Amino acid sequence: TPAFGLAQPAAFHVICWAKNIMSLITFWRTKKVAIVLPAPSAEPIGIQQRYWNHLVQQKFDELYVSHYLQKSEWWDTAINAFLAVASATSVSAWALWKKYDLLWAGIVMLAQVITVAKPFLPFKKRIAPLRAAGYAYEEIFLKAEAQWLKVSGGDMSESGINDLLFEFKTDQ
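Because the structure is predicted, anything quoted here is derived from the model rather than measured.

1. A short note on the packing of helix α4 (residues 123-152) against helix α5 (residues 158-171)
Describing two packed helices takes the angle between their axes plus the distance from one axis to the other.
And then number 1: Two numbers describe how α4 lies on α5: the axes approach to 11 Å, and their chain directions differ by 175°. When the axis of α4 is compared with that of α5, the two are roughly antiparallel. Residues Ile140, Lys143, Ala144, Gln147 and Val151 of α4 form the contact with α5, whose participating residues are Ile161, Leu164, Phe168 and Asp171.
And then number 2: Class assignment of the residues belonging to the contact of α4 with α5 gives a composition of six nonpolar, one polar and two charged.

What follows is the structure, encoded as structure tokens:
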């Protein structure tokens, strides 16, 4: 029987799905990119396996966009926090501790350079489109996941599964 064939219990599908998602999360944490290809086979890939591959790819896309969004938000927040702290404290600290006047002058200068360059930095501009893309990928994934039980249980014909795949691909 194929790995995701009809003879597999539903728990097997959940375990495989969880392993795939944990692998994706591990890739993010280790900053590795991997492409997992199926073992060479004389048989063409089945429609259920194609659906499963689509489901996993949608979750990966959602995780990728979410991660990219989090990094962009972090950089935007970090830049804003640095500018706020530098603007609020550097001038007063410079006046109080004249011993480190070059350090405080450098911090004020760096804050001014970042303030001038900030409108040209991409982090803030990325946030809205990434959030929209993340929601779109999540919506497609949830629609596909809702149909997975019918697909894996054999309740749908191959042409019905193919139609679902085509519908999900056109939603992107």
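Having seen it, we continue.
2. Structural notes on the packing of aromatic side chains
Two numbers describe a pair of aromatic rings. These are the distance of the centres and the angle of the planes.
And then number 1: With the rule as written, the count across this model stands at six aromatic pairs.
And then number 2: A ring pair is formed by tryptophan 74 and tryptophan 75, whose centres lie 5.0 Å apart and whose planes are at 90°; its orientation type is edge-to-face.
And then number 3: Residue classification places tryptophan 74 among the exposed residues on the basis of a relative accessible area of 52%.
And then number 4: In this structure tryptophan 75 comes out as partly exposed when scored by relative accessible area, which is 42%.
And then number 5: Summarising the aromatic geometry, the rings of tryptophan 75 and phenylalanine 123 are spaced 5.8 Å apart at their centres and angled 20° between planes, so their arrangement reads as stacked. Here tryptophan 75, found in helix α2 (residues 47-96), pairs with phenylalanine 123, found in helix α4; they are 48 residues apart in sequence, far enough to count as distant.
And then number 6: We classify phenylalanine 123 as buried; its relative accessible area is 18%.
And then number 7: An aromatic cluster is built from Tyr51, Trp52, Trp148 and Phe168, whose rings are joined through pairwise contacts.
And then number 8: Looking at lysine 59, its charged tip hangs above the ring of phenylalanine 141, at a distance of 4.9 Å from the centre.

The rules behind the values
Residues numbered from 1 in each chain as written. Predicted model: local features only at pLDDT ≥ 70, side-chain atom pairs only at ≥ 80, totals over all residues. Heavy atoms only, no water. Axes fitted to C-alpha atoms, helices over the stretch in contact; angles between N-to-C directions. Helix = DSSP H or I, 4+ residues; strand = E, 2+ residues; numbered from the N terminus. Parallel < 35°, antiparallel > 145°, perpendicular 65-115°, else oblique. Contact = heavy atoms within 4.5 Å. Nonpolar A, V, L, I, M, F, W, Y, C, P; charged D, E, K, R; others polar. Phe/Tyr/Trp six-rings, centres within 6.5 Å; stacked < 30°, edge-to-face > 60°. Buried < 20%, exposed > 50% of the residue type's maximum accessible area, 1.4 Å probe, protein only. Lys NZ or Arg CZ within 6 Å of the ring centre and 35° of its normal.

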